[in-house]
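# A closer look at the structure
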Amino acid sequence: REEPELLPDGLPSRGSAKHAAGKCGPCHYFHTKTGCRQGVNCNFCHLHQSDFRPRPCKAKRARAKNQAANIDVNEWANDETNMQKGGYMH
């Protein structure tokens, strides 16, 4: 793998500027075989280690989305304690 291009301030991507403040989001593609196609123009941080928590696989994301969609909202809304607290907006 070739040496990555750096921004004038020495950062590997635009998204890396917030890394020191802890307000950056890791680039999920930077440490893959093909790397990040956006390079220095990527809005995500390229400073995280390769063992940083990876993005869940597509099957796990789909399962979580399905579970969230199947939550019985009506049952939750009919619960007296939730309604006394002003519903979900409380």
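Just above sits the structure.
Residues numbered from 1 in each chain as written. Predicted model: local features only at pLDDT ≥ 70, side-chain atom pairs only at ≥ 80, totals over all residues. Heavy atoms only, no water.

## With respect to the overall build of the chain
Put simply, the test is: Runs of H or I in DSSP of at least four residues are treated as helices and runs of E of at least two as strands, each being numbered from the N terminus. A 1.4 Å probe rolled over the protein chains alone gives each residue an accessible area, and that area as a share of the maximum for its type sets the label: buried under 20%, exposed over 50%, partly exposed in between. In this analysis, two residues are considered to be in contact whenever any of their non-hydrogen atoms come within 4.5 Å of each other. Where accessible areas are quoted, they stem from the Shrake-Rupley method and a 1.4 Å probe; at the residue level, only the protein chains shown are allowed to cover.
What the chain contains, in helices and strands, is three helices and zero strands. N-terminal to C-terminal, the α/β element order of the chain is α-α-α. Put simply, the chain has 90 residues, and 19% of those count as buried. Contacts in the chain between residues far apart in sequence, at least 24 positions, make up 54% of those at least 6 positions apart. When the accessible surface of the chain is totalled, it reaches about 7900 Å², and 51% of it is carbon and sulfur.

## Quick look at the environment of Cys-24
Secondary-structure assignment places Cys-24 in the segment before helix H1 (58–69). Linking Cys-24 and Phe-44, residues 20 residues apart in sequence, is a C-alpha distance of 6.8 Å.

## Structural notes on the state of the cysteines
Put simply, the rule is: Note that a disulfide, as used here, is simply two cysteine sulfur atoms within 2.5 Å.
Under the definition given, this model contains zero disulfides. In this model Cys-27 remains outside any disulfide bridge; the closest cysteine sulfur is found in Cys-36, 3.7 Å from its own. Among the residues examined, Cys-27 registers a relative accessible area of 10% and is labelled buried. Take Cys-36: its relative accessible area is 16%, and that puts it in the buried class.

## Some details on the side chain of Ser-13
This is how the line gets drawn: Between N or O atoms, a polar contact is any pair within 3.5 Å; within protein, one atom must be a potential hydrogen donor and the other a potential acceptor, and residues adjacent in sequence are included only when both atoms are from side chains.
Among the secondary structure elements, Ser-13 is positioned in the segment before H1. Taking relative accessible area as the criterion, Ser-13 reaches 0% and is therefore assigned buried. Separated by 2.7 Å, the side chains of Ser-13 and Ser-16 make a polar contact.

## A few points about the side chain of His-46
Within the element layout of this structure, His-46 appears in the segment before H1. Residue class for His-46 comes out buried when judged on its relative accessible area of 6%. In contact with His-46, not counting residues within four places along its chain, are Pro-12, Ser-13, Ser-16, Cys-27, Phe-30, Cys-36 and Gly-39.

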